[in-house]
Amino acid sequence: MGNSCHSKKERKKGKSAFYFFAVAAITAAACVIIIMEGKRIKIENELLAYEVW
């Protein structure tokens, strides 16, 4: 009986750890994408500043 409770706690810890790492990975990916997009826009604006119309 005590073993089943211990097993449930382990599963809950495993699920929590999985969700934590999944959210951390998604957040890191979003930050990288936002930073890369910002750099791209900055470079594009610099190029447009030199363009003669």
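Here's a quick rundown of the structure. The residue count restarts for each chain, going from 1 along the sequence in the order it is written. In view of the model being predicted, local features appear only for residues whose pLDDT reaches at least 70, and side-chain atom pairs are presented and counted only at 80 or more, with totals across whole chains, interfaces and linings using the full set of residues. For side-chain calculations, the full set of non-hydrogen atoms in the structure is used, while hydrogens and water are omitted.

## Observations regarding the overall build of the chain
Phase 1: Within the chain one finds one helix and zero strands.
Phase 2: The buried label goes to any residue with under 20% of its type's maximum accessible area, the exposed label to any with over 50%, and the partly exposed label to all in between, with areas taken from a 1.4 Å probe on protein chains only. In the chain, buried positions account for 0% of the 53 residues.
Phase 3: Per-residue and other accessible areas were derived by the Shrake-Rupley procedure at a 1.4 Å probe size, with only the shown protein chains allowed to occlude residues. Of the roughly 5,300 Å² of accessible surface on the chain, 71% is carried by carbon and sulfur atoms. Each helix is a run of DSSP H or I of at least 4 residues and each strand a run of E of at least 2, with the numbering of both proceeding from the N terminus.

## Quick notes on the pattern of salt bridges
Phase 1: When a carboxyl oxygen of Asp or Glu is within 4 Å of a side-chain nitrogen of Lys or Arg, the pair counts as a salt bridge. Under the criterion given, the structure shown has two salt bridges.
Phase 2: A salt bridge links Arg 40 to Glu 44, with the shortest nitrogen-to-oxygen separation between them at 2.7 Å. Of this pair, Arg 40 and Glu 44 both sit in helix H1 (residues 2-50), four residues apart, roughly one helical turn.

## Here's the deal with the packing of aromatic side chains
Here a ring pair, both rings aromatic, is described through the centre-centre distance and the interplanar angle of the planes.
Phase 1: Stacked, edge-to-face and tilted are the three classes for Phe, Tyr and Trp ring pairs, Trp counted by its six-membered ring, which pair at centre distances within 6.5 Å; planes under 30 degrees apart are stacked, over 60 edge-to-face, the rest tilted. Applying the stated criterion across every chain yields a total of two aromatic pairs.
Phase 2: Aromatic pair Phe 20 and Phe 21: ring centres 5.4 Å apart, planes at 70°, arrangement edge-to-face.

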